[in-house]
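Residues per chain are reported as follows:
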Amino acid sequence: MQFLKLPRSLRQLSSYVLAIALGVLLTVSTLQVLPSQAAPLTAGDTPQLIAQPQSPVTAAIGSTSFVTAAVNRVGSAVVRIDTERTITRRVDPFMEDPVFRRFFGDGFSQQMPSSEQLRGLGSGFIIDKSGLVLTNAHVVDKADKVTVRLKDGRTFEGKVQGIDEVTDLAVVKINAGKDLPVAPLGSSSSVQVGDWAIAVGNPLGFDNTVTLGIVSTLKRSSAQVGISDKRLDFIQTDAAINPGNSGGPLLNGQGEVIGINTAIRPDAMGIGFAIPIDKAKAIATQLQRDGKVAHPYLGVQMLTLTPELAKQNNTDPNSPIQIPEINGVFVMRVVPNSPAASAGIRRGDVILQVDGKAITSAEQLQNFVEDSRLGQLLQVKVQRGNQTQQLSIRTAELQNAS
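Residues numbered from 1 in each chain as written. Predicted model: local features only at pLDDT ≥ 70, side-chain atom pairs only at ≥ 80, totals over all residues. Heavy atoms only, no water.

Draft legend 1. Molecular detail of the sheet that holds strand 11 (residues 257–264). One closed barrel accounts for six strands, arranged 7-8-9-12-11-10; its pairing is antiparallel. On average, each strand axis in the sheet is inclined to that of its neighbour by 45°, with strand direction left out of account. With six bridges joining them, strand 7 (residues 196–201) and strand 8 (residues 209–221) adopt antiparallel strand pairing. Opposite A197, over in strand 8, you have G213 as the bridge partner. Set on the sheet, helix 3 (residues 66–74) makes contact with strand 7, strand 8, strand 10 (249–251) and strand 11; between it and strand 7 the angle comes to about 45°. (Pairing = 2+ DSSP bridges. Helix = DSSP H or I, 4+ residues; strand = E, 2+ residues; numbered from the N terminus. Axes fitted to C-alpha atoms, helices over the stretch in contact; angles between N-to-C directions. Contact = heavy atoms within 4.5 Å.)

So this is what it looks like as C-alpha cells:
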C-alpha cells in the first residue's frame, strides 16, 4: 500500500523501468532458443529447405541439354565434303582475229584463262560402317574430286556411287576400314509439327556447327519452295541452315536422323528445308545398287486449278483462253515427244482423274505419277472445253531432271 502513496511521477517511472526489464528478458530468452542465421551447421543439424518450382525451360531441357546428348550420339558420323571441279571456258573467236592479235599482241590471248577450278563445300553423314556417306546430289554433282573429312581429322578420297538429281540425293563411298561411326536413322513418318529439330553440318566452312529449332511444317512441296525440277515433300524447319549445311543431318530430340538439310530460300529468314529420311532410305538403297533411280513421268507442265482462279482468268478481257471453273490440274504446256503428247494431251486441258481417283492439285498428280511403275498405263480423265475425254497414257523414264 506504500507504493500507491508515491507521487504520480515516480509511479510512471517505475512502470517504464519494469517494461524495459521485461523486454530485455524476453529478447535474451529468444536468442538462447533460436540459432543465429550466420552460424554454420553442425554435423547433427538438418536444414529445412523449401523446394523451388522448376521452370518450364529447365523441365524441358534438364540439367544436361538434350541437344548435347543428341549431338554426341551422331556427331562423329557427320562429315565435311570438299569438292573440286575444273570448267573449261570457250575462247572468244574475236580474240583469234588477226587484226585483234596484231593490235594487242599474241600474249594477250594467252593470258586469258581457258579453264578455271571451282571448289565446293558441303556436309554428309555415314550410314554404313563400310564407308557409305549420304549427301545431296548438288554437293558432289559434276565434281572431279571429292574429299571426305571426318570429325577426328582423317580425310579420304570419296567415290560417287550414285546421284539422283530429281530427289537431290547422292551416295559417296570412302575406304576407311569397317569400324566407322554410323548415324542412327529415325523415321520421318513419326515427325510432328513442333518437334525439336537439330541441324548439324559445316555452314559457311565452320566445321561441326549445331543449330536448334523446331519442325515448322511437314510435306512442303518442292513447287512451293520454288524448286520445280524436284519431286519432294520437304520437312520445313526454323533451325538455321546456311550454305555448307547441304547434305548434313537434321536430328530429332533423341539424336536420330529425320531429314537431310538440302535447301534454303534466299528471300526468307529462318526457314530451311530437309528431305525426309524415309524417302532418302529408299533412294539410297537404289543408288547403292544401280547407281541411279528411274523416275516415271508424263511430260506436262501443270498448275493447280480452282474455280476462283479460273473465274479470275475468264473475267480478264485479255485472257487468250477460257478455262473451266472447276477443281483439277491445268495443263500449261505439253513436252514434245513425251508420253502425254503421244496420248493426245493438249495445252489447256484440265486433268480431273487418274485411274478413277480425283486429282485436285499438281502435287497430288506428281506424287501419283512418281509412285507408279515405268511403262504403267494410266487412265486419265480430262476436261477439254465443255467436254470430258478419257485418255490412256503410258509412263516413260524421265531422262533429265531439268
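Draft legend 2. Structural context of the pattern of salt bridges. Applying the stated criterion across every chain, the model contains eleven salt bridges. With a closest N to O distance of 3.1 Å, D82 and R80 form a salt bridge. For R80, a relative accessible area of 17% corresponds to the buried category. Of the charged contacts in the structure, one is a salt bridge between E370 and K279, with a shortest N-O distance of 3.9 Å. A residue pair is termed long-range when its members are at least 10 positions apart, and E370 in helix 11 (residues 362–370) and K279 in helix 8 (residues 277–290) qualify at 91 residues. (Salt bridge = Lys/Arg side-chain N within 4 Å of Asp/Glu carboxyl O. Buried < 20%, exposed > 50% of the residue type's maximum accessible area, 1.4 Å probe, protein only.)

Draft legend 3. How the structure looks around the side chain of R384. For R384, the location among the structural elements is in strand 18 (residues 377–384). At 3.0 Å, the side chain of R384 forms a polar contact with the backbone oxygen of G344. A polar atom in the side chain of R384 sits 2.7 Å from the side chain of D349. Not counting the four nearest positions on each side in its chain, R384 is found in contact with G344, I345, R346, D349, Q389 and L391. (Polar contact = N/O pair within 3.5 Å; in protein donor to acceptor, adjacent residues only side chain to side chain.)

Keep in mind that these numbers describe shape and distance, not what the molecule does.
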